[in-house]
Amino acid sequence: MVNIPAGEVQLRDDRIKKLWTERIEAFQLAPIPVTKALFCSIMHQEDRLGEDGKVPVTEVSWQDAIAFCNLFSRQSGLQECYTVNPVDNTVVWNRELNGFRLPTEAEWQFACRAGTDGYRYGELQDIAWYQENSEGKVQEAGRKEPNAWGLYDMLGNVWEWCWDVYDANVYGTYRIFRGGSWAEEARGCGATCRRRSHPTFYIDDLGFRLARSL
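This structure is a prediction, so every number in the text was calculated from the model and none was measured.

1. What to know about the sheet that holds strand E7 (residues 100–101)
One key point about sheets: their strands pair by backbone hydrogen bonds, in either a parallel or an antiparallel sense. Pairing is antiparallel in the open sheet, where 4 strands are placed in the order E1-E4-E12-E7. Both edges of this open sheet fall to strand E1 (2–4) and E7, since each of them pairs with a single strand only. In this structure, E1 lies alongside strand E4 (residues 27–29), joined through 3 bridges in antiparallel fashion. Residue Val2 lies in a different strand from E4, and its bridge partner there is Leu29. Its contacts with the sheet place helix H3 (residues 105–113) against E1, E4 and E7, and it is angled at close to 70° to E4.

2. Here's the deal with helix H2 (residues 62–75)
Helix length check: H2 (14 residues) gives 20 Å between terminal C-alpha atoms against 20 Å at 1.5 Å per residue, within 8%. Counting buried residues in H2 gives 10 out of 14 residues, a clear majority hidden from the surface. Taken as a whole, H2 has its buried residues at Trp62, Asp64, Ala65, Ile66, Phe68, Cys69, Asn70, Leu71, Phe72 and Ser73. Against helix H1 (36–43), strand E5 (82–84), strand E6 (91–93), E7, strand E8 (159–165) and strand E9 (175–178) lie the buried residues of H2. At the exit of H2 stands Gly77, carrying a positive phi of roughly 75°.

3. Some points on the nonpolar core
Of all hydrophobic cores here, the largest spans 29 residues; its most connected members are Phe39, Phe68, Tyr82, Leu102, Phe208 and Leu210. Elements with a minimum of two residues in this core: H1, H2, E6 and E8. Ranked by residue count, the leading element in this core is H2, at 7 residues. For Phe68, the residues in contact, after removing those within four places along its chain, are Val34, Leu38, Phe39, Ile42, Met43, Phe208 and Leu210. Among the nonpolar cores identified, the runner-up in size contains 24 residues, and Val2, Leu11, Phe110 and Tyr121 belong to it.

4. Points about the sheet that holds E8
Strand order in the open sheet formed by 4 strands is E10-E9-E8-E11, with mixed pairing between adjacent strands. Among the strands making up the open sheet, the edge pair consists of strand E10 (194–197) and strand E11 (206–207). Alignment of E8 against E9, held across 3 bridges, turns out to be antiparallel. Within E9, the position partnered with Trp161 by the bridge is Phe177.

Thresholds applied
Residues numbered from 1 in each chain as written. Predicted model: local features only at pLDDT ≥ 70, side-chain atom pairs only at ≥ 80, totals over all residues. Heavy atoms only, no water. Pairing = 2+ DSSP bridges. Helix = DSSP H or I, 4+ residues; strand = E, 2+ residues; numbered from the N terminus. Contact = heavy atoms within 4.5 Å. Axes fitted to C-alpha atoms, helices over the stretch in contact; angles between N-to-C directions. Expected span 1.5 Å × (residues − 1). Buried < 20%, exposed > 50% of the residue type's maximum accessible area, 1.4 Å probe, protein only. Core = buried A, V, L, I, M, F, W, Y, C linked by side-chain atoms within 4.5 Å.

The structure is reproduced here in structure tokens:
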């Protein structure tokens with residue numbers, strides 16, 4: 001895990017023309033997205049693994065990511081951050097616990113930019129797998145250049161689930177994901193690009209990355 005310092009980040013929602021600033025407490029973020037090998041090992045889904053264990057896992061719902069975080073925390077001797085209601089699958093995050101979790105979108109954007117303030121932290125060809133260079137598929141994690149804080153694939157390769165609800169009044173339980181993917185055009189791979197999906201949906205270019213509170 002990479003130590004991410006405290007700071008502030010400005011978020012924006014172009015859909016409703018809104019800008020806001022959030023304070024970030026120091027936290028940890030994994031240098032690469034969760035790989036297929038790690039996911040299958042923890043979730044006991046070896047039959048799904050195949051020969052491409054080094055690529056980021058995809059076709060995982062937000063709820064799958066929550067379940068993985070809890071199980072990996074338990075197996076690692078850490079406290080489970082999430083409490084899941086078995087009746088309606090609502091999730092409560094206990095922010096005082098030390099287990100693995102999803103980053104908030106503010107944490108994700110702050111870590112992605114790594115002290116920069118542009119749409120990207122480098123030249124897209126050098127830092128990301130996207131539509132023009134991905135050969136139409138997910139690529140092995142960590143092969144492109146990292147940002148200044150040592151985080152790989154923050155842009156491109158796979159979109160990454162975040163903790164946050166997108167807009168409860170309009171989209172209900174839909175959750176945010178960030179970062180762009182192997183299937184995206186260049187304009188879709190940027191630090192402020194936001195997308196949403198239902199927490200039960202599976203998408204072939206959407207994965208996740210682990211965070212931990214300090």
